[in-house]
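Structural features, examined
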Amino acid sequence: MINKNILLAEDEPTISRLVRTYFEKDNYTVYTAVNGEEAIKIFKEVKIDLVCLDIMMPIMDGFEVTKIIRASSDVPIIIMTALQSEEDILKGYSLHIDDYITKPFNPKVLLAKVNNLMLRINKENTLKMEYKIGELSFDFINNEVSLNGKTLDLTKTEFKMLAFLAKNNNKVCSRDLLLDEVWGMDVYVDDRIVDAYIKKLRKIIAPKKYIKTVFGVGYRFNIDEE
């Protein structure tokens, strides 16, 4: 497993030491905090992959910490709490936590929850880096696309345009939209350049005729209307 960083915010020293020991044995790097303020400071300074968060902490409680984290990040959060009322549990989920565990708990169970969450996140990230449609396969790590297993010779701009069209399969993309998405909204480019790139892309992916012209508007990618 690739080493991951966990933020463990827990003000009870015995629990913190025990949980940290289990995490480190499973190859996680653990950053500990004893209050909410310290937890936020660590989160802002370190790339954290998952947060284990106590609710009843001094200075700033776990609910407030969760609000601050969620304002800027969708990092997985597991709440560790002695609060077992339905109201408290629902409050946690309303703040978009991913899971919770009630005290006292077995560290092995918490570790299992962490491993399951990390496995899910890793799979989701892998899917984001790959995309297949029709006979085209996109590799967003290396910015490459292949047709029937053969890598196509594309420039960076050609790759961005083809990938955007493909990810918006069956949606009409205007020339202005393609200009904004491929070149950026702050860059002025004549919209006729879009037509030139489309013409070249059609030649590159021939004999596939995935890119359709929507007259007077722009283009539409569709694998069902070859």
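In this text the structure is predicted, and so the values were computed from the model without any measurement.

With that out of the way, let us pick up the overall build of the protein. Of regular secondary structure, the protein possesses eight helices and twelve strands. Taken across its 226 residues, the protein has 42% of its residues classed as buried. Within the protein, contacts between residues separated by at least 24 positions form 54% of all contacts whose residues are at least 6 apart in sequence. Across the protein, 32 positive and 35 negative side-chain charges occur, with their mean positions spaced 7 Å apart.

Our focus in this paragraph is the sheet that holds strand β8 (residues 144–147). Taken in spatial order, the four strands make up an open sheet running β6-β7-β8-β9, and their pairing is antiparallel. Each edge of the sheet is formed by a strand with only one pairing partner; in this case those strands are β6 (130–133) and β9 (150–151). As defined by bridge partners, β6 adjoins strand β7 (residues 136–139) across four bridges and the pair is classed as antiparallel. Across the sheet, residue Glu130 finds its bridge partner in β7, namely Asp139. On the sheet, helix α6 (residues 156–167) packs against β6, β7 and β8 and is oriented at approximately 120° with respect to β7.

One way to put it is that α6 packs onto helix α7 (residues 175–182) with a least axis distance of 10 Å and a crossing angle of 125°. By the angle between their directions, the pair α6 and α7 is classed as oblique. With respect to the hand of their crossing, α6 and α7 are arranged in right-handed fashion. Facing Thr157, Lys160, Met161, Phe164 and Leu165 of α6, the residues of α7 in contact are Leu177, Leu178, Glu181 and Val182. Its residues placed into classes, the contact of α6 with α7 shows six nonpolar, one polar and two charged.

If you walk through the whole model with that rule in mind, you get twelve salt bridges. Among the salt bridges present, the one from Lys208 reaches Glu135, with a minimum N-O distance of 2.9 Å. Of this pair, Lys208 sits in the loop between α8 (192–204) and β11 (211–214) while Glu135 sits in the loop between β6 and β7, and the two are 73 residues apart along the sequence. A residue is classified by how much of its surface remains accessible, and Lys208, at 16% relative accessible area, is buried. Taking relative accessible area as the criterion, Glu135 reaches 30% and is therefore assigned partly exposed.

Another aspect to go through is the packing of α7 against α8. Each pair of packed helices gets described by two things: the angle between the helix axes and the distance between those axes. One way to put it is that α7 packs onto α8 with a least axis distance of 9 Å and a crossing angle of 80°. By the angle class used here, α7 and α8 are roughly perpendicular. Contacts from Arg175, Leu178 and Leu179 of α7 reach α8 at Ile193, Val194 and Asp195. Residue composition of the contact of α7 with α8, grouped by class: four nonpolar, no polar and two charged.

What follows covers helix α2 (residues 36–45). Of all the positions in α2, only Gly36, Ala39, Ile40, Ile42 and Phe43 are classed as buried. All buried residues of α2 fall inside an arc of 165° around its axis, so they share one side. Among the exposed residues of α2, those oriented more than 90 degrees off its buried face are Lys44 and Glu45. Those residues of α2 hidden inside the fold are in contact with β1 (4–9), β2 (28–33), β3 (50–54) and α3 (62–70).

For the rest of this paragraph, the subject is the pairing of β3. Counting buried positions along β3 gives five out of five residues, so the element sits mostly inside the fold. Here β3 shows two buried faces, one formed by Leu50, Cys52 and Asp54 and the other by Val51 and Leu53. As defined by bridge partners, β1 adjoins β3 across four bridges and the pair is classed as parallel. Within β3, the position partnered with Leu8 by the bridge is Cys52. By the bridge criterion, four bridges tie β3 to strand β4 (residues 77–81) in an arrangement that is parallel. If you follow Val51 over to β4, its bridge partner there is Ile77. What joins β3 to β4 is α3, and the crossover it makes is right-handed.

Below, the discussion takes up the environment of Leu111. As for its placement among the helices and strands, Leu111 is situated in helix α5 (residues 107–129). A sequence separation of 85 residues divides Leu111 from Asp26, and the C-alpha atoms of the two residues are 8.5 Å apart. If sequence neighbours within four positions are ignored, Leu111 has contacts with Tyr22, Phe23, Asp26 and Tyr28.

Cut-offs and rules
Residues numbered from 1 in each chain as written. Predicted model: local features only at pLDDT ≥ 70, side-chain atom pairs only at ≥ 80, totals over all residues. Heavy atoms only, no water. Helix = DSSP H or I, 4+ residues; strand = E, 2+ residues; numbered from the N terminus. Buried < 20%, exposed > 50% of the residue type's maximum accessible area, 1.4 Å probe, protein only. Contact = heavy atoms within 4.5 Å. Lys, Arg positive; Asp, Glu negative; His and termini not counted. Charge placed at Lys NZ, Arg CZ, Asp CG, Glu CD. Pairing = 2+ DSSP bridges. Axes fitted to C-alpha atoms, helices over the stretch in contact; angles between N-to-C directions. Parallel < 35°, antiparallel > 145°, perpendicular 65-115°, else oblique. Left-handed = near helix turned anticlockwise from the far one by under 90°. Nonpolar A, V, L, I, M, F, W, Y, C, P; charged D, E, K, R; others polar. Salt bridge = Lys/Arg side-chain N within 4 Å of Asp/Glu carboxyl O. Arc of directions from axis to C-beta. Right-handed = clockwise from strand over helix to strand, strands pointing away.

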